[in-house]
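Okay, here's what each chain looks like letter by letter:
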Amino acid sequence: MKNSKNTKQIAVAGNGLLDRRLFLSTGLKFGTITVLGSASHQLLSKEANKQSTIDPADPPWMHTPGGPFSTYGKPSAHEREVIRVPAPNSAVPGNGVSWTPLHLLEGMITPNGLHFERHHNGVPQIDPNRHKLLVHGLVKKPLTYTIKSLLKYPMHSQILFIECGGNSNAGWNKQPSRAQAGYFHGLVSCSEWTGVPLSIILAEAGLNKGAKWLIAEGADAFAMNVSIPMEKAIKDGMLALYQNGERLRPENGYPLRLIIPGWEGVLNVKWLRRLKAVSKPIMTRNETARYTELQPSGKARMFSFEIEAKSLITSPSTGMLLASGQGLYQITGLAWSGRGKIKKVEVSTDNGNSWTEAQLQEPVLPMAFSRFRIPWRWDGNPSILKSRATDESGYVQPERDELVAKRGRHGFFHYNAIVCWEVDEHGLLSHVYDKKNALDTGNISIDAGWD
Ligand SMILES: Nc1nc2c(c(=O)[nH]1)N[C@H]1C(S)=C(S)[C@@H](COP(=O)(O)O)O[C@H]1N2
Ligand SMILES: [Mo]
């Protein structure tokens, strides 16, 4: 029996955006969204032309026993297109990134094998029995810890995103990137991290007066180091040993990494080997030549650690097709903020002329991914989709022209502008910049790598 109340589709903004309470209705079916050029897209086009000849109740895999047990599970072979895409920087061995395919994932947790990677000099293969952490500098008692000894401490877990300060930096370019959403915005991932609160270890060493900064150093060939304000390190820092329930992956810092929640990726030093308490930042490459931006005022923006609120529609997104033609679709995406919880995500399907609040999936956690969803009835006409995040501090994700006006053209990092996906009359999505945007004066030179 049809419940007419449940299936009532209430428009809440222009161009067919529907009330998120529609998700409570029964019998709802959304249109299929395919990734162009992928196996699933080809399959769908083939199936559209031919009737299935297999009885769905009697598929071939029901006729013989299945495969053996495995010692460590892998994704289905049918999911082989769901991969990180590496972009090495050929000038330096092991320098570069690999992108999380955000547009192919759901929920709020990034699977360990798909967490983005940013290495300055490759992934060291570290023997956990030989790895040590030294805590020294302005402390009463310098200490060293083995991994075994750290595993004896009380642990805590937190679901947190890590985002590289260079994520989405192609957004500074004059022409919109043609890469799929994750291969442009996917230097951000979200995991449950488990480890020892940094405050416990710092208290054990005993900080001297004047210990205002902490220098963290990694055990990779780059020996990466950064300066971190002590106040933040004590308040939120974690010595992480586990990632989504298992020990860290080598790519993400095995056997020990620092987690500085909500702050830019570079502070989360992987393969952590040294923490030195000091009175002043030591002005390393990563806080001077990198992550520092010349602003229109002529002043440089430095130590801008906190990740500002950002959101992205992951599906449908550029390179996808609304394969069922006009009709009902589910718009979904991710939002995150280094300042705390996401308060709301608004979505527009008419280039920002009207907006409505999307549904936020519970739990909404501070400094973690928040998944949002909203139903949309596409009328078959060209449309522009946007999402805009607001965090609990009241910060609102800016339009691209606002961001460019504020930061100028000399920046390279911390790009968090609203993203526009254009839907054409065939239902094909592509990345565009806001048509109203007149401020775009040229490319920046992306020669600095990602950092
Ligand atoms: N030792 C070390 N730590 C490091 C890096 C590195 O190259 N070496 N890269 C940093 C940068 S720039 C980022 S964005 C994050 C990336 O973490 P991930 O590779 O686990 O995603 O690690 C940070 N920690
Ligand atoms: Mo980074």
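Everything numeric in this text was worked out from a predicted model, so none of it was measured. (Residues numbered from 1 in each chain as written. Chains lettered and ligands numbered in written order. Predicted model: local features only at pLDDT ≥ 70, side-chain atom pairs only at ≥ 80, totals over all residues. Heavy atoms only, no water.)

Caption draft 1: Main features of the site of ligand 1. The local shell around ligand 1 holds 21 residues, among which Phe116, His120, Asp220, Arg257 and Lys270 are the closest. Here an oxygen atom of ligand 1 sits 3.2 Å away from a polar atom, N or O, in the side chain of His115. In the model, an oxygen atom of ligand 1 is placed 2.8 Å from a nitrogen or oxygen of the Asn252 side chain. Relative to its unbound accessible surface of 530 Å², ligand 1 loses 100% to contact with the protein. Considering each element in turn, the shell around ligand 1 owes the most residues, three residues, to strand β6 (residues 117–119). Looking at the shell around ligand 1 residue by residue, the classes come out as seven nonpolar, seven polar and seven charged. (Near = heavy atom within 4 Å. Polar contact = N/O pair within 3.5 Å; in protein donor to acceptor, adjacent residues only side chain to side chain. Areas by Shrake-Rupley, 256 points an atom, 1.4 Å probe, with all protein chains shown as cover. Helix = DSSP H or I, 4+ residues; strand = E, 2+ residues; numbered from the N terminus. Nonpolar A, V, L, I, M, F, W, Y, C, P; charged D, E, K, R; others polar.)

Caption draft 2: Fine view of the packing of aromatic side chains. Summed over all chains, the structure comprises five aromatic pairs. A ring pair is formed by Trp172 and Tyr415, whose centres lie 5.2 Å apart and whose planes are at 80°; its orientation type is edge-to-face. On the criterion of sequence distance, the pair formed by Trp172 in the loop between β9 (156–163) and α3 (182–185) and Tyr415 in the loop between α6 (400–407) and β27 (420–423) is long-range, its members being 243 residues apart. By relative accessible area, which is 4% here, Tyr415 ends up buried. Taking 4.7 Å as the distance between ring centres and 10° as the angle between the ring planes, the aromatic pair formed by Trp263 and Phe305 counts as stacked. Within this pair, whereas Trp263 is found in the loop between β15 (257–259) and β16 (272–278), its partner Phe305 is found in the loop between β18 (300–301) and β19 (310–315), the two being separated by 42 residues in sequence. Just as Trp263 is buried, Phe305 falls in that class too. Here the guanidinium or amino end of Arg247 rests over the ring plane of Tyr242, the centre of that ring lying 5.7 Å away. Its end group placed over the ring of Tyr433, Arg400 keeps NZ or CZ at 3.6 Å from the ring centre. (Phe/Tyr/Trp six-rings, centres within 6.5 Å; stacked < 30°, edge-to-face > 60°. Buried < 20%, exposed > 50% of the residue type's maximum accessible area, 1.4 Å probe, protein only. Lys NZ or Arg CZ within 6 Å of the ring centre and 35° of its normal.)

Caption draft 3: Broad picture of the pairing of strand β10 (residues 188–197). β10 sits mainly inside the fold: nine of its 10 residues count as buried. Across eight bridges, β9 lies against β10 in antiparallel orientation. Counterpart to Ile159 in the pairing with β10 is Glu192. Relative to strand β13 (residues 238–243), β10 is paired through five bridges, and the arrangement is antiparallel. Across the sheet, the residue bridging to Trp193 is Gln243, located in β13. (Pairing = 2+ DSSP bridges.)

Caption draft 4: Quick peek at the side chain of Thr390. Its place among the elements puts Thr390 in strand β26 (residues 383–391). The buried category is assigned to Thr390, whose relative accessible area is 5%. The residues contacting Thr390, other than those within four sequence positions of it, are Ile342, Lys343, Lys344, Glu346, Tyr395 and Val396. (Contact = heavy atoms within 4.5 Å.)

Caption draft 5: Focus on the sheet that holds strand β28 (residues 429–432). Taking strand neighbours across the sheet as the criterion, the five strands line up as β23-β22-β26-β27-β28 in an open arrangement whose pairing is antiparallel. A single partner strand is all that each edge strand has here, and the edge strands are β23 (356–357) and β28. Relative to β26, strand β22 (residues 342–348) runs antiparallel, the two being bridged by six bridges. In the strand pairing of β26, Lys344 is matched with Thr390.

Caption draft 6: Region of the structure containing the nonpolar core. If you look at the biggest cluster of nonpolar residues, it comprises 52 residues, and the most contacted ones within it are Phe161, Trp193, Ile331, Phe369, Trp376, Leu385 and Trp421. Residue contributions to this core peak at five residues, all from strand β21 (residues 327–336). Ranked by size, the runner-up nonpolar core spans 37 residues in total, among them Leu150, Ile215, Ala233 and Leu239. (Core = buried A, V, L, I, M, F, W, Y, C linked by side-chain atoms within 4.5 Å.)

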